[in-house]
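Residues per chain, in single letters:
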Amino acid sequence: MAEITVTVKLFAQYREGKFKVEQRQYPEGTTVGEVIAETGIAVDRYPIGVMIINGRHVEEDRILEAGDTLALFPKVGGG
Amino acid sequence: MADKIYRVRMNDLSFSVEDVPKEWLGLGGRGLTSTIVAAEVDPECHPLGPNNKMVFAPGLLSGTAAANSGRTSLGAKSPLTGGIKESNSGGTSAGIMAKLGVKALIIEGLPEEDDTFYHIHVTKEHVTIEPIPELVGKENFEVLDTMLERYGRKVAVFSIGTPGEQRMLISNISVKDPQGKIRSLGRGGLGAVMGSKKIKVITVDAGDSKETYLADAATFRAANKAFTKALKENPISGEGLPAFGTDILVNIINEAGGLPSMNFRYGTSENAEELSGEHVAENIQERGGKTTHGCHAGCVIQCSQVYNDKDGNYVTSGFEYEMIWAFGANYGIDDIDTIAHIDHIMDDIGVDAIETGVTFGVAAEGGMLPFGDGEAVIKILTEEIPNGTPTGRVIGSGAGNVGKLYGVVRVPVVKNQGMPAYEPRAIKGQGITYVTTPMGADHTAGYAVATNILNSGGHIDPLKKEGQVELSRNLQIASAAIDSTGMCIFVAFPALDDPACLPALIDMINARFGAELTGDDVTNLGKNILKLEHAFNLKAGLGKADDRIPEFMKYETLPPHDAIWDFTNEEIDAFWDF
């Protein structure tokens, strides 16, 4: 199966022991939820708050396309 | 003893301690300050003239053990917007005023025109108003330290620096925090109102007074426990804010394309990672300092922090998202330590971080100084503004006026007040709050970012118009009510997602006063506050044409989404249909 390259960015507590930004390869048809599982970020401790691809909010079932930038955040707030 | 209204008349340097009128009994915080300003201040008055008044009020729950109840509200007619203003702050003042039984402190009139500045000292049933020549021309930290030396650390302190003395529109009022540092009644140029009344510093000493009685102490304790649990279990107020502070927002707002950059030209900033809460937290861990720090006693969120320089020396505390955005993304400084240094200077001289940062963005646009020049900013803040030079007065006049002076079209203000750190074209619900709130461009009045970007209270697409007016209206009604309780606005995060939070808050109010308020009563309180503030503004001459976005946002698209402001006037004006 063909692979695609996407940019994955992690924020806040998701960076602990992981990375800030990486180019990563996934099989075509990979969903956001599958990327979350593959990175092993601490969603049990810090549930997913916001998923953004190319500046737009998405859900876990969104299928990634080559060249996408996916940003993953736990629940954050301020103001 | 029942709570009292303390009234100070600067025209003859007298005071009175008055019974609280029946119709004000159930009010506190913003509800009380806006009610008193609407009742006693002529909307057509000059904000710096004899007929404006300052009204300080603790919230309904301030002075009790209720978590996060330590906000003090200040109301007046704003010299920046020309409309009604409520600005609130943490610090120790709300608890101290409530314990002394001060329902509100009203300051009215102007003293004789000479160089005298005064110190107002409030104690049980008594107020002294004395000249304080030794502190004229001094900045906030020196004023604060002088007061703490004189009265001890348990005294509340409100003060202005030299910008307030000079009645500059960017000036604010500093409030002592529990660590002896500074929080601010920031927005709307209220430091200029205090300067116009020739008041350098106000101290409030509660002595041994503990006037905050509870009608039903057992119910109050149980409700406070449930409320505190909701705050601590919420991932934002319980985890994210303590770990990273409010500056955690830089990255998410940037990723969503709504981080105003280079004077609202772009929706993302290449400096985002440098400016981010993650980076600030990393620096704090490496250098010493604290990631958690409360702005008032009883805060369980602790979003503030203590930030040190590379050598581990203290630089600033209360290093917030809005300030870091204003000087980082918006004005373009790409070094977080320079921004921290500027934050400390602004605390010391007493200027609003948002208005000042937006002003520098407009000034750079107009060619007064280059974008991103931290040294130029520091020179203006430490030399030009304190000395009242023409350059200092230009920056001190705020973003709207600098735009006019330099012939700039891209001036991000509503009702002449600079916009905070969210682009209205890309976060449209927040834009509706900017244009409709009686406060001028303000983010806390109805924080639609929560639902547009942060998925708190559900999700409404930030780039579409649908649902935004209703969202902003509901948030503004709720915020007006919360601002009356003395609660920090961050209780809104658990309130939006945890059904146990708001009932616990209402239970505390009822147990404090022996009242029987329902959720509907609280909603009606919020509606009434908004309506009376709006009515004041209409009488002051701020009509529908002032509830508008700056025109450039209607024809200039914002990268990366090519977003534009596309609400019709009718859609905006429908905000007030309630």
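Residues numbered from 1 in each chain as written. Chains lettered and ligands numbered in written order. Predicted model: local features only at pLDDT ≥ 70, side-chain atom pairs only at ≥ 80, totals over all residues. Heavy atoms only, no water.

1. Observations concerning the interface of chain A and chain B
Alright, step 1. On the side of chain B, 34 residues touch chain A, which itself brings 22 residues to the contact.
Alright, step 2. Between chain A and chain B we count seven salt bridges in total.
Alright, step 3. Notably, a salt bridge pairs Lys9(A) with Glu255(B), separated by 2.7 Å at the nearest N-O pair.
Alright, step 4. At the level of secondary structure, the elements contributing two or more residues to the side of chain A that touches chain B comprise strand S3 (48–53), strand S4 (56–57) and strand S5 (69–74) of chain A.
Alright, step 5. Tallying contributions element by element places S3(A) first for the side of chain A that touches chain B, with three residues.
Alright, step 6. Grouping the constituent residues of the side of chain A that touches chain B by class yields eight nonpolar, eight polar and six charged. (Contact = heavy atoms within 4.5 Å. Salt bridge = Lys/Arg side-chain N within 4 Å of Asp/Glu carboxyl O. Helix = DSSP H or I, 4+ residues; strand = E, 2+ residues; numbered from the N terminus. Nonpolar A, V, L, I, M, F, W, Y, C, P; charged D, E, K, R; others polar.)

2. Quick word on the packing of aromatic side chains
All names here are of chain B.
Alright, step 1. Taken as a whole and assessed by the stated rule, the structure comprises 15 aromatic pairs over all chains.
Alright, step 2. Look at Tyr331 and Phe360: their rings are 5.8 Å apart centre to centre, the planes differ by 55°, and that puts the pair in the tilted class. Within this pair, whereas Tyr331 is found in the loop between helix H11 (321–330) and helix H12 (336–349), its partner Phe360 is found in helix H13 (residues 353–365), the two being separated by 29 residues in sequence.
Alright, step 3. Grouping aromatic residues by their ring pairs yields a cluster made of Tyr321, Tyr422, Tyr447, Phe490 and Phe493.
Alright, step 4. Across from the ring centre of Tyr213, 6.0 Å away, lies the NZ or CZ of Arg512, which sits over that ring. (Phe/Tyr/Trp six-rings, centres within 6.5 Å; stacked < 30°, edge-to-face > 60°. Lys NZ or Arg CZ within 6 Å of the ring centre and 35° of its normal.)

3. Focus on the sheet that holds strand S7 (residues 118–123) of chain B
Residues and elements named next belong to chain B.
Alright, step 1. Spatially, S8-S7-S12-S9-S10-S11 is the arrangement adopted by the six strands of the open sheet, whose pairing is mixed. Only two strands of the sheet have a single neighbouring strand rather than two, namely strand S8 (126–131) and strand S11 (182–185). If you compare each strand with its neighbour and ignore which way they point, the axes differ by 20° on average.
Alright, step 2. Of the pairings in the sheet, the one linking S7 to strand S12 (residues 199–204) comprises five bridges and is parallel in character. Of the residues in S12, the one forming a bridge with Ile120 is Ile202. (Pairing = 2+ DSSP bridges. Axes fitted to C-alpha atoms, helices over the stretch in contact; angles between N-to-C directions.)

4. Quick word on the domain arrangement of chain B
All names here are of chain B.
Alright, step 1. The domains assigned to chain B are domain 1 (4–204), domain 2 (244–423) and domain 3 (426–497 + 516–578).
Alright, step 2. The gap between the C-alpha centroids of domain 1 and domain 3 is 27 Å.
Alright, step 3. Contact residues are listed per partner, giving 32 residues for domain 1 and 23 residues for domain 3.
Alright, step 4. Area buried by domain 1 at its contact with domain 3 is led by Arg30, Pro43 and Ile84, which between them contribute 32% of it.
Alright, step 5. Run the count over domain 1 and domain 3 and you get two salt bridges.
Alright, step 6. When the shortest N-O distance is used, the salt bridge between Asp483 and Arg30 registers 3.0 Å.
Alright, step 7. Going through the elements one at a time, helix H1 (29–40), strand S4 (72–77) and strand S5 (84–89) are the ones with two or more residues in the side of domain 1 that touches domain 3.
Alright, step 8. With seven residues, the top contributor of residues to the side of domain 1 that touches domain 3 is H1. (Domains from an automatic or database assignment. Buried area = accessible area lost by both parts, 1.4 Å probe.)

5. Quick look at the state of the cysteines
Alright, step 1. Using the criterion set out here, one finds zero disulfides over all chains in the structure.
Alright, step 2. In this structure Cys303(B) is not part of a disulfide, and its nearest cysteine sulfur, from Cys488(B), lies 6.4 Å away. (Disulfide = S-S within 2.5 Å.)

6. Here we look at the pattern of salt bridges
Residue and element names in this part refer to chain B.
Alright, step 1. Under the definition given, this model contains 38 salt bridges over all chains.
Alright, step 2. Notably, a salt bridge pairs Lys415 with Asp547, separated by 2.7 Å at the nearest N-O pair. Pair noted here: Lys415 is in the loop between strand S15 (413–414) and strand S16 (417–418) and Asp547 is in the loop between helix H22 (519–540) and helix H23 (552–555), with a separation of 132 residues, a long-range link. For the pair formed by Lys415 and Asp547, the shared burial category is buried.
Alright, step 3. What emerges from the salt-bridge pattern is a single network uniting Arg7, Glu18, Glu40, Lys53 and Glu108. (Buried < 20%, exposed > 50% of the residue type's maximum accessible area, 1.4 Å probe, protein only.)

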